[in-house]
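The residues making up each chain are set out below.
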Amino acid sequence: QVRLVESGGDSVQAGGSLRLSCVASGRSFITVNTMGWYRQAAGDQREFVASITYFGDINYGDSVKGRFTVSRDNRKNTAYLQMSSLKPEDTGVYFCKYSTRGMDFWGKGTLVTVSS
């Protein structure tokens, strides 16, 4: 029903910035939904990063507050994650999540590597 494709992951030095994108496609019509970002470091559990509803309500995980900004463009069916002041502990695979009507859909992820 929903396909999610993340992009923008890269290797950067500590203190740098990146912008991730998530494009949603395959829906026959627009529904109320929430798009979010999660990340997973090697050997760790998947961690909540940020989310944004169709109407623009936003939540952030404690570890990224003040550094990351989530946004979306509903006409383009795209969510963004602007990441600033990156730290080595931000390293991981970042996954896009789309939630609506009790269903969750996931992208395959994009890798972010932050070196000291």
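Scroll up a little and you will see the structure.
Per chain, the residues get numbers from 1 upward, laid out in the order the sequence is written. Where totals are concerned, whole chains, interfaces and linings use all residues; where local detail is concerned, this predicted model gives features only for residues with pLDDT of at least 70, and gives and counts side-chain atom pairs only at 80 or more. For the side-chain quantities, the full set of heavy atoms in the structure was used; hydrogens and water were omitted.

## Points about the state of the cysteines
Right, so step 1: Disulfide assignment relies on a single distance test, namely cysteine sulfur atoms paired within 2.5 Å. Per the counting criterion, the structure on display carries one disulfide.
Right, so step 2: What pairs with Cys 22 in a disulfide is Cys 96, and their sulfur atoms sit 2.0 Å apart. Where Cys 22 bonds to Cys 96 through sulfur, the torsion about that S-S bond is close to -85 degrees, and the disulfide is left-handed. Highlighted residues: Cys 22 in strand S3 (residues 18-25) and Cys 96 in strand S9 (residues 92-100), separated in sequence by 74 residues. Taken individually, Cys 22 and Cys 96 each receive the classification buried, so the pair is uniform in this respect. Only DSSP runs of H or I covering at least 4 residues are called helices, and only runs of E covering at least 2 are called strands; the numbering of each starts at the N terminus. Remark: exposure states derive from per-residue accessible area (1.4 Å probe, protein chains only) relative to the maximum for the residue type, with buried under 20%, exposed over 50%, and partly exposed in between.

## Digging into the pairing of S3
Right, so step 1: Here the rule is simple: two strands pair whenever DSSP picks up at least two bridges between them. When strand S1 (residues 3-7) meets S3, the two strands line up antiparallel, connected through five bridges. Within the sheet, the bridge partner assigned to Arg 3 lies in S3 and is Ser 25.
Right, so step 2: Where S3 lies against strand S8 (residues 78-83), six bridges are found, and the strand directions are antiparallel. Residue Arg 19 lies in a different strand from S8, and its bridge partner there is Gln 82.

## Focus: unusual backbone geometry
Right, so step 1: In the Ramachandran plot, Asn 77 falls in the positive-phi region, its phi being about 55 degrees despite a non-glycine side chain.
Right, so step 2: Its place among the elements puts Asn 77 in the loop between strand S7 (68-73) and S8.
Right, so step 3: Take Asn 77: its relative accessible area is 25%, and that puts it in the partly exposed class.
Right, so step 4: Phi is positive for Arg 101, which is not a glycine, with a value near 50 degrees.
Right, so step 5: Relative to the assigned elements, Arg 101 resides in the loop between S9 and strand S10 (103-106).
Right, so step 6: According to the relative accessible area criterion, Arg 101 is exposed, its value standing at 64%.

## Some details on the environment of Thr 113
Right, so step 1: With respect to the helices and strands, Thr 113 occurs in strand S11 (residues 110-115).
Right, so step 2: Through-space distance from the C-alpha of Thr 113 to that of Ala 14 is 9.5 Å; in sequence the pair is 99 residues apart.
Right, so step 3: Here, residues are in contact when the closest pair of their heavy atoms is within 4.5 Å. Those residues in contact with Thr 113 that sit more than four places away from it in its chain are Asp 10, Ser 11, Val 12 and Thr 91.

Just geometry here; none of it tells us what the structure is for.
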